[in-house]
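# Overview (structure and organization)
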Amino acid sequence: GFFDNMGKRPITSDAWAEYEITGTVAEDADQIYFGCFLLGKGTLLVDAFEMYTAGEDGEWMPMVVENPGFEEHVNGIPGGWALRGKGYQFDLDPSDVRQGLFALRISRGDARFTGTLFPTLPSAGEVLQKDLGGGLRCQLPVALYVDVQGQTAYGAGEGLAQLNDILRQIRRDSADATEAALRCADVIVAWNVFQHFYPYFDLIETDWDAALDSALIRALMVTSPEEHVVTLRRMVAGLHDGHGSVRVPPTGERGGIPAALEWIAGTLVVTAASDDCPLHPGDVIHTLDEKDATAILEKEIALSSGSPQWKRWRAVYAFGIGAPGSEAVLTVRRDGALREITVTRVKNWYSAARDTRKMKMLDDGIFYVNLSNTPMQAIRARIGEIAAARGVVFDLRGYPEGNHDVIRHLLSSPDTSAGWMRIPRIVYPDHERVAGEEFRGWEMQPAEPHIKGHVVFITDGRAISYAESFMGLVEHYRLGDIVGQPTAGANGNVNPFTLPGGATISWTGMHTVKHDGSQHHLVGIQPTHPATRTLQGVREERDELLERAIALIKR
């Protein structure tokens with residue numbers, strides 16, 4: 001589909017004006033989400049939403065939007081809209097409207113935390129002394145007394161007021177990555193977030209101080225926004241964090257090769273293609289636009305973050321991306337000979353890579369469920385058949401479709417493992433004197449009907465995060481055999497933050513382990529029956545991992 005949060009053209013006017021978002025909806029889209037949000041402090045008034053759709057003739061036709069002007073409400077809550085945002089307030093405003101009786105006012109002011117965050121607290125007046133390098137040292141007050149007006153014992157001071165005046169004059173929304181100061185600011189902010197909060201430095205070998213030096217030098221040397229993104233990606237790659245990514249507001253639509261690709265036996269192989277794509281299953285890609293395919297993948301792997309198995313998949317996903325409608329010239333080996341094939345990039349290229357199998361009864365009383373595209377509602381409708389089947393194959397080569405309740409039908413007793421998701425309690429900088437961790441788990445209860453047959457799960461390096469929470473319970477409680485390859489090895493909540501230059505960085509903030517307390521990060525869930533696809537199997541259009549799962553059940 002398309003995504004546009006107006007990152008390059010934020011609303012900053014204090015007068016009513018009309019704003020428009022236009023995009024192409026994917027053919028297989030189920031829902032469209034739209035609305036408006038306030039970023040940071042202030043007040044935003046919203047009113048009079050309209051939606052139009054254009055067919056092939058290009059004529060725009062109006063569509064029905066439920067409660068577009070917030071006129072219908074119950075106790076001040078407008079119907080048809082989801083109002084979300086911790087710390088934000090939503091009110092119907094009759095005093096300043098665009099049309100009708102009400103506009104929706106979104107507001108946020110200064111919020112002051114008054115409770116106790118963690119049991120461990122720094123002493124009031126405590127000061128840290130730190131070396132900053134280059135002969136510089138700092139004294140950092142960690143906890144200060146405040147009076148009833150909220151002023152610290154140090155007072156605001158004229159210096160702070162002057163600094164705030166200077167900061168208010170800086171228009172960050174007009175700056176871009178062509179400015180060296182902004183590039184350095186991005187690096188410094190990102191490096192510090194990880195320096196103080198990233199939970200896995202003890203498991204990686206990256207010299208994080210050296211990473212700062214390298215990123216700052218590069219930030220001063222490069223001149224283009226594209227090169228700056230590479231700088232940030234290199235730094236995030238040093239974290240070896242599968243959730244680690246750098247995203248910038250899109251400058252245009254993206255397209256790709258309408259085919260599914262996999263790295264098999266040291267080669268990039270086409271495993272499926274759309275009907276109108278000239279590529280065939282089993283084609284081995286040697287070059288893209290006269291560039292070596294393996295070199296292209298290795299370059300992308302070097303800029304990706306995470307385990308080797310996850311970075312390989314990410315690089316394969318990114319292979320061949322370009323402008324929709326542009327041509328990609330590929331050299332492939334087919335039937336023992338090299339061929340040059342030209343492919344037109346399309347916007348919905350990922351549809352060709354999507355496994356369309358969902359649920360069905362296979363031969364010999366074996367039930368197949370693709371967890372990557374089958375919602376729990378559909379599974380519940382057939383849970384009786386699944387529970388009574390001789391065997392069940394659950395395919396999780398990807399990301400679950402909100403269907404982890406399947407686990408309840410596999411459990412024989414309550415899930416009591418509550419310490420595999422851990423939230424570090426950070427009080428001091430540099431990971432010093434961490435005040436313990438908060439332990440959490442899913443704590444699932446068994447459900448009827450109980451699945452009685454032989455259960456086999458299929459997975460590989462595409463399974464990340466939520467999928468690994470799923471598979472972690474399978475592994476710990478031995479809920480079935482596991483066929484395939486190790487999962488991505490990156491679990492826990494994702495923590496995004498936006499840099500001064502507008503780029504958004506995502507990373508793992510939660511410390512997750514296996515249910516026995518051992519390392520999960522970079523390791524992942526290991527298969528009990530390792531298996532891989534082969535080039536011959538792809539050419540014969542066979543799913544060898546599924547065949548292995550079925551063989552285990554029959555045996």
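The structure reproduced in this document is the subject of the present report.

The rules we used
Residues numbered from 1 in each chain as written. Predicted model: local features only at pLDDT ≥ 70, side-chain atom pairs only at ≥ 80, totals over all residues. Heavy atoms only, no water. Helix = DSSP H or I, 4+ residues; strand = E, 2+ residues; numbered from the N terminus. Buried < 20%, exposed > 50% of the residue type's maximum accessible area, 1.4 Å probe, protein only. Contact = heavy atoms within 4.5 Å. Areas by Shrake-Rupley, 256 points an atom, 1.4 Å probe, with all protein chains shown as cover. Lys, Arg positive; Asp, Glu negative; His and termini not counted. Charge placed at Lys NZ, Arg CZ, Asp CG, Glu CD. Salt bridge = Lys/Arg side-chain N within 4 Å of Asp/Glu carboxyl O. Phe/Tyr/Trp six-rings, centres within 6.5 Å; stacked < 30°, edge-to-face > 60°.

## With respect to the overall build of the chain
Looking only at helices and strands, the chain has twelve helices and 27 strands in total. Projected onto its principal axes, the C-alpha positions of the chain cover 80 × 60 × 55 Å. The 555 residues of the chain split such that 40% are buried. In the chain, the proportion of contacts linking residues at least 24 apart, taken out of those at least 6 apart, comes to 64%. Accessible surface, the chain: about 31000 Å² in total, of which carbon and sulfur atoms supply 51%. In the chain, 53 positive and 73 negative side-chain charges are present, and the distance between their average locations comes to 5 Å.

## Quick notes on the pattern of salt bridges
For the coordinates displayed, the defined rule picks out 26 salt bridges. For Arg-533, the salt bridge identified is with Glu-262, shortest N-O distance 3.3 Å. With Arg-533 in the loop between β27 (529-530) and α11 (535-539) and Glu-262 in strand β11 (residues 259-264), this residue pair connects regions lying 271 residues apart in the sequence. As far as the burial class goes, Arg-533 and Glu-262 line up, both buried. Here Glu-540 and Arg-542 are joined by a salt bridge, their closest N and O atoms 2.9 Å apart. In this structure Arg-542 comes out as partly exposed when scored by relative accessible area, which is 31%. Through salt bridges that share partners, Arg-357, Asp-395, Arg-397 and Asp-543 make up one connected network.

## Here we look at the packing of aromatic side chains
Within the structure shown, the criterion is met by 19 aromatic pairs. Residues Phe-49 and Trp-81 carry aromatic rings whose centres are separated by 4.9 Å and whose planes lie at 40 degrees to one another, so their mutual orientation is tilted. Here Trp-81 lies in the loop between β5 (77-78) and β6 (89-93) and Phe-49 lies in the loop between β1 (42-46) and β2 (51-54), a separation of 32 residues in the sequence. The same class applies to Phe-49 and to Trp-81, which are both buried. Centre to centre, the rings of Phe-70 and Trp-81 are 5.1 Å apart; their planes meet at 40 degrees, and the pair counts as tilted.

Functional significance is not addressed by these values, which are geometric in nature.
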